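Chain by chain, the residues:
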Amino acid sequence: MKMPFVRGLVCILAIALVAGCGHSRVVKREGSRPAPDRATQSVPRSGDYKVKRGDTLYGIAFRHGLDYREVASLNRIGPPYTIYPGQVLKLRGQSQARTTAGVTGMPAPRTPPPSGSRGTTPARPATPAATPSTPATPVATPARPAATPALPAVPDAAPASGTWRWPTQGQVIGRFVSGDPKRQGLDIAGNAGQPVVAAADGVIVYSGSGLVGYGELIIVKHSDEWLSAYAHNRRRLVGEGAQVKAGQQIAELGRTGTSRDMLHFEVRRNGKPVDPMQVLPKQ
């Protein structure tokens, strides 16, 4: 009598185990999905960058984690920050440029910069003015500029935390990690084509696909210090120079440059990444 009872109990346990396996779920960890290679690029060893067609000063500074005002000051470029294909920009010496230009970020006066540890840099900015006969000088060439349109004035003050809003609706699947060059913002899952909106009032300073790892990208300037970026869009709806309001649609969510439909959203202050959760309202 005991043997049939034991066998029956074993069969019941086996059936329960199979049934449990049939309803199991595989939980995918947030960090298991390979992230796009959108890490901030280091400044070239030479300290120089050669402008390519489609580049803007804002895009170059964003790509290298720099403050666009410092890059402009170092290269004596004033608003609207027009640059030319083939032009060589200096990306090093930002701390010296900040001291010379002051807090306004305007180009430094045309006087030799103070002597410092980088003794070779003072002679380079004078090249275009000192050698007008050199045909290769970017300023003297008739090449069409990598146009940066004149931008409307933007308030100097940073947007108050209460004025920021979420750039799209969806689940946050990737968060900001300080010090991790590949996790400098938020990844927000969504459906293809859903609205992507400006997180705060500002001016479009970049609209293109020239930054590796970001796909179709839009950068909004909110003040002299604050920028926000919206990556992997399916379609961009605004061009450079457009003035936008918080909540205004600027793009359609997509998957350009990544493996799923999502928005990658970054906030930068003085060129440095800031955790967007510090300025966005609680959901």
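Structure: above.
Residues numbered from 1 in each chain as written. Predicted model: local features only at pLDDT ≥ 70, side-chain atom pairs only at ≥ 80, totals over all residues. Heavy atoms only, no water.

**What to know about the pairing of strand 8 (residues 226-236)**
1) Next: Burial analysis of strand 8 places eight of its 11 residues in the buried class, the great majority of the element.
2) Next: Bridge analysis of strand 7 (residues 216-221) against strand 8 gives five bridges, and the strand direction is antiparallel. Paired with Ile 219 across the bridge in strand 8 is Ala 229.
3) Next: The hairpin formed by strand 7 and strand 8 contains four residues between the paired strands.
4) Next: Bridging between strand 8 and strand 11 (residues 262-269) involves six bridges; their strand directions are antiparallel. Note on strand 11: the bridge partner recorded for Ser 228 is Val 267. (Buried < 20%, exposed > 50% of the residue type's maximum accessible area, 1.4 Å probe, protein only. Helix = DSSP H or I, 4+ residues; strand = E, 2+ residues; numbered from the N terminus. Pairing = 2+ DSSP bridges.)

**Thoughts on the pattern of salt bridges**
1) Next: In this structure the tally under the stated criterion is nine salt bridges.
2) Next: Glu 216 is the salt-bridge partner of Arg 236, the closest N and O atoms lying 2.6 Å from each other. Taken as a pair, Arg 236 in strand 8 and Glu 216 in strand 7 lie far apart in primary sequence, 20 residues in all.
3) Next: With relative accessibility at 19%, the residue Glu 216 sits in the buried group.
4) Next: A salt bridge links Arg 269 to Glu 225, with the nearest nitrogen and oxygen atoms 3.1 Å apart. Of this pair, Arg 269 sits in strand 11 while Glu 225 sits in the loop between strand 7 and strand 8; the two residues are 44 residues apart in sequence, bridging distant segments of the chain.
5) Next: Overall, Arg 269 belongs to the partly exposed group, its relative accessible area being 39%.
6) Next: Looking at Glu 225, the relative accessible area reads 26%, which means it is partly exposed.
7) Next: Salt bridges sharing common partners tie together Arg 234, Arg 235 and Glu 252. (Salt bridge = Lys/Arg side-chain N within 4 Å of Asp/Glu carboxyl O.)

**Focus on the environment of Gln 171**
1) Next: When you line up the elements, Gln 171 lands in the loop between helix 5 (127-130) and strand 3 (172-174).
2) Next: On the accessibility criterion, Gln 171 (59% relative accessible area) is exposed.
3) Next: C-alpha of Gln 171 to C-alpha of Gly 190: the two residues are 19 residues apart in sequence and 7.4 Å apart in space.
4) Next: Contact partners of Gln 171, with chain neighbours within four places excluded, come to Asp 187, Ile 188 and Ala 189. (Contact = heavy atoms within 4.5 Å.)

**Some points on the environment of Trp 166**
1) Next: Examined against the element boundaries, Trp 166 turns out to sit in the loop between helix 5 and strand 3.
2) Next: Given the relative accessible area of 10%, Trp 166 is considered buried.
3) Next: Remark: the alpha-carbon pair of Trp 166 and Ala 198, spanning 32 residues in sequence, is separated by 8.3 Å.
4) Next: Apart from the residues within four sequence positions on either side, Trp 166 is in contact with Val 172, Leu 186, Ile 188, Val 197, Met 277, Leu 280, Pro 281 and Gln 283.
5) Next: Here the side chain of Trp 166 touches Pro 281 through a polar contact of 2.7 Å, landing on its backbone oxygen. (Polar contact = N/O pair within 3.5 Å; in protein donor to acceptor, adjacent residues only side chain to side chain.)

**Things to note about the side chain of His 64**
1) Next: Mapped onto the elements, His 64 comes out in the loop between helix 2 (57-63) and helix 3 (68-74).
2) Next: Among the polar contacts made by the side chain of His 64, one reaches the main-chain carbonyl oxygen of Ile 60 at a distance of 2.9 Å.

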